[in-house]
Amino acid sequence: MFEHEQVVLRTGRRTGLPVIIAVHSTALGPAAGGVRMWRYPAWRDGLADALRLSAAMTAKFAAAGLSNGGGKTVVALPEGTVLEGPRRRDALHDVGDAIAALDGAYSAGPDVGTAPADMAVIGEITPHVFCRPAESGGSGDSSPHTAHGTLAALRAAARHLYGTRDLAGRRFGIIGLGHVGEHLAALLAAEGAALTVTDIDPGKRARTEALGAAWTGPDEILGADVDVLVPAALGGVLTERTVPRLRCRAVVGPANNQLASPGVADLLHRRGILWVPDYVAGAGGVIHAVSTELHRLGPGEARARVAAIEDTVTGLLGTADRLGQTPAQAADALARRRVRTAAP
Ligand code: PHE
């Protein structure tokens, strides 16, 4: 069933690249979501990603109790493309045109393949953009806040599993040392956790020493003997093939769309592996951006809202236990209820 409010698919005037903006819902308020500039086998794969990712953003805002809807931009790059210099600017301006045409129904933020500096470039075309650098009037990098939010979710999961929110000595397997993964690894290292890390870019291996972490391969980490796996890169890591290999007690991470299909949540549950829905564990970035840029909260209050993810997760895990549901079912029900009651 097609359930999106609107999807824009156009050829960038400057670059000829396919620019896709999926607005899933504005029932709770104007949609927001990141701009993903990433390589896809074909633009249709980018479209499919935008449809899934924008729906997840609706759930992310609803579960966080924020009055925004879900959207996502995908600039589908041909395999092997690296966008730099003037061509990158042009692509971002193409994105800006598409956002401007939506007239406030959707605002952009950073995502895989983009950063705050890119948001400033989009901001040359349209004001509907979050996370510009402070000197350009925005709230800056959302990644550290996403990492703090995931840390809060991990504390709630630890309390649920082990009766204590203390993470010292626990073993974590972090999949992806990108903007969020690297911050999260540093936070966990500071908590005294034992880390195993991986990235598709072998160049990231150099980071392991500073983190006191062990390095492993992107495939091997799935079977690693750790307490918690932390997906912090691209989606789709949890599949019918990978879940049987997991040796962890829980999967809790900020990557969007970790499940290859919704049924994988049941598979995890049957294996006794706690899965905290990605859109709950990864909400820190949007919570911070919206709280500071839209709600004009100060840094302390914004941080407190991000930290409240711990209570949200504790509440969801309690509800799931009480009602005999998976955490995914409990979170989906909460998000759907909020969207439904807001709809006119
Ligand atoms: N990449 C962010 C996410 O998936 C998107 C975002 C961040 C949007 C900050 C707005 C502000 O949650």
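Residues numbered from 1 in each chain as written. Predicted model: local features only at pLDDT ≥ 70, side-chain atom pairs only at ≥ 80, totals over all residues. Heavy atoms only, no water.

S.K.: Any chance you could break down the pairing of strand 2 (residues 18-23) for me, citing the residues and the numbers?
M.R.: Taking burial as the measure, the 6 residues of strand 2 include 6 buried ones, the bulk of the element. Count of turn residues in the strand 1 (residues 6-11)/strand 2 antiparallel hairpin: 6 residues, of which Gly-16 carries a positive phi of about 75 degrees. (Buried < 20%, exposed > 50% of the residue type's maximum accessible area, 1.4 Å probe, protein only. Helix = DSSP H or I, 4+ residues; strand = E, 2+ residues; numbered from the N terminus. Pairing = 2+ DSSP bridges.)

S.K.: Lay out the environment of Ala-152 in plain terms, naming residues and giving numbers.
M.R.: With respect to the secondary-structure elements, Ala-152 resides in helix 4 (residues 143-162). Placed 155 residues apart in sequence, Ala-152 and Ala-307 show a C-alpha to C-alpha distance of 5.8 Å. With residues near it in sequence (within four places) discarded, Ala-152 still touches Val-306, Ala-307, Ile-309 and Glu-310. (Contact = heavy atoms within 4.5 Å.)

S.K.: Residues and numbers for the sheet that holds strand 7 (residues 194-198), please.
M.R.: Sheets are built from strands paired through backbone hydrogen bonds, the pairs being either parallel or antiparallel. Strand order in the open sheet made by the 6 strands is 8-7-6-9-10-11, with parallel pairing throughout. Each end of this open sheet is capped by a strand with a single partner; those strands are strand 8 (214-215) and strand 11 (274-275). Of the pairings in the sheet, the one linking strand 7 to strand 8 comprises 2 bridges and is parallel in character. What sits directly across from Thr-196, in strand 8, is Ala-214.

S.K.: Outline helix 4, supporting the account with residue identities and numerical values.
M.R.: With 20 residues, helix 4 should cover 28 Å at 1.5 Å per step; its first-to-last C-alpha distance of 28 Å lies within 8% of that length. Judged by how many residues are buried, helix 4 sits mostly within the fold: 14 of 20 residues are covered. Looking one or two residues beyond helix 4, the residue adopting positive phi is Gly-163, at roughly 80 degrees. (Expected span 1.5 Å × (residues − 1).)

S.K.: Quick one: what's the story with the sheet that holds strand 3 (residues 31-39), residue by residue and with numbers?
M.R.: Within the open sheet, the 5 strands sit side by side as 1-2-4-3-5. Their pairing is mixed. At either margin of the open sheet sits one strand with a lone partner, and together these are strand 1 and strand 5 (106-110). Neighbouring strand axes in the sheet, compared pairwise and without regard to direction, differ in orientation by 20 degrees on average. Relative to the sheet, helix 1 (residues 43-63) contacts strand 1, strand 2, strand 3 and strand 4 (69-77), its axis offset from that of strand 4 by approximately 155 degrees. (Axes fitted to C-alpha atoms, helices over the stretch in contact; angles between N-to-C directions.)

S.K.: Break down the site of the ligand for me, with residues and values.
M.R.: Inspection of the region around the ligand gives 14 residues, with Lys-60, Lys-72, Pro-110, Asp-111 and Asn-256 positioned closest. Side-chain polar atom of Lys-72 to an oxygen atom of the ligand: 3.1 Å apart, as the coordinates give it. Side-chain polar atom of Asp-111 to a nitrogen atom of the ligand: 2.8 Å apart, as the coordinates give it. Here the ligand, which alone exposes 330 Å², has 92% of that area covered by the protein. Of the residues contributing to the shell around the ligand, the split by class is 6 nonpolar, 5 polar and 3 charged. (Near = heavy atom within 4 Å. Polar contact = N/O pair within 3.5 Å; in protein donor to acceptor, adjacent residues only side chain to side chain. Areas by Shrake-Rupley, 256 points an atom, 1.4 Å probe, with all protein chains shown as cover. Nonpolar A, V, L, I, M, F, W, Y, C, P; charged D, E, K, R; others polar.)

S.K.: Account for the UniProt feature "active site" (unreviewed entry) in the protein, naming residues and giving values.
M.R.: Listed under "active site" (unreviewed entry) in the UniProt record, and renumbered for this structure, are Lys-72. Looking at the secondary structure, you find Lys-72 in strand 4. Lys-72 gets classed as buried once you look at its relative accessible area, which sits at 1%. Beyond its immediate stretch of four places on either side in the chain, Lys-72 contacts Ile-20, Ile-21, Ala-22, Gly-33, Gly-34, Ala-50, Leu-53, Ser-54, Met-57, Tyr-106, Asp-111 and Asn-256. (UniProt positions renumbered as here; feature names shortened; annotations may be inferred.)

S.K.: If you had to explain the packing of helix 9 (residues 284-293) against helix 10 (residues 299-307) to someone new, which residues and values would you point to?
M.R.: At their nearest, the axes of helix 9 and helix 10 sit 9 Å apart, and the two run at 150 degrees to each other. The orientation of helix 9 with respect to helix 10, classified from their angle, is roughly antiparallel. The chirality of how helix 9 crosses helix 10 is right-handed. For the pair formed by helix 9 and helix 10, the contact residues are Gly-284, Ile-287, His-288, Ser-291 and Thr-292 on the first element and Ala-302, Arg-305 and Val-306 on the second. Residues belonging to the contact of helix 9 with helix 10 are distributed by class as follows: 3 nonpolar, 4 polar and 1 charged. (Parallel < 35°, antiparallel > 145°, perpendicular 65-115°, else oblique. Left-handed = near helix turned anticlockwise from the far one by under 90°.)

S.K.: Requested: an account of the packing of aromatic side chains, with residues and values cited.
M.R.: What describes a pair of aromatic rings is the distance from one ring centre to the other and the angle between the planes of the rings. Per the stated rule, a full pass over the model turns up 0 aromatic pairs. The ring centre of Trp-38 lies 4.7 Å from the NZ or CZ of Arg-39, which sits over that ring. (Phe/Tyr/Trp six-rings, centres within 6.5 Å; stacked < 30°, edge-to-face > 60°. Lys NZ or Arg CZ within 6 Å of the ring centre and 35° of its normal.)

S.K.: Describe the environment of Leu-246, with residues and values.
M.R.: Looking at where Leu-246 falls in the secondary structure, it is placed in the loop between strand 9 (228-231) and strand 10 (250-251). Sequence spacing of Leu-246 and Val-228 is 18 residues, and the spatial spacing of their C-alpha atoms is 9.9 Å. Apart from residues lying up to four places away in sequence, Leu-246 is in contact with Leu-222, Leu-229, Leu-238, Val-251, Leu-268, Arg-271 and Ile-273.

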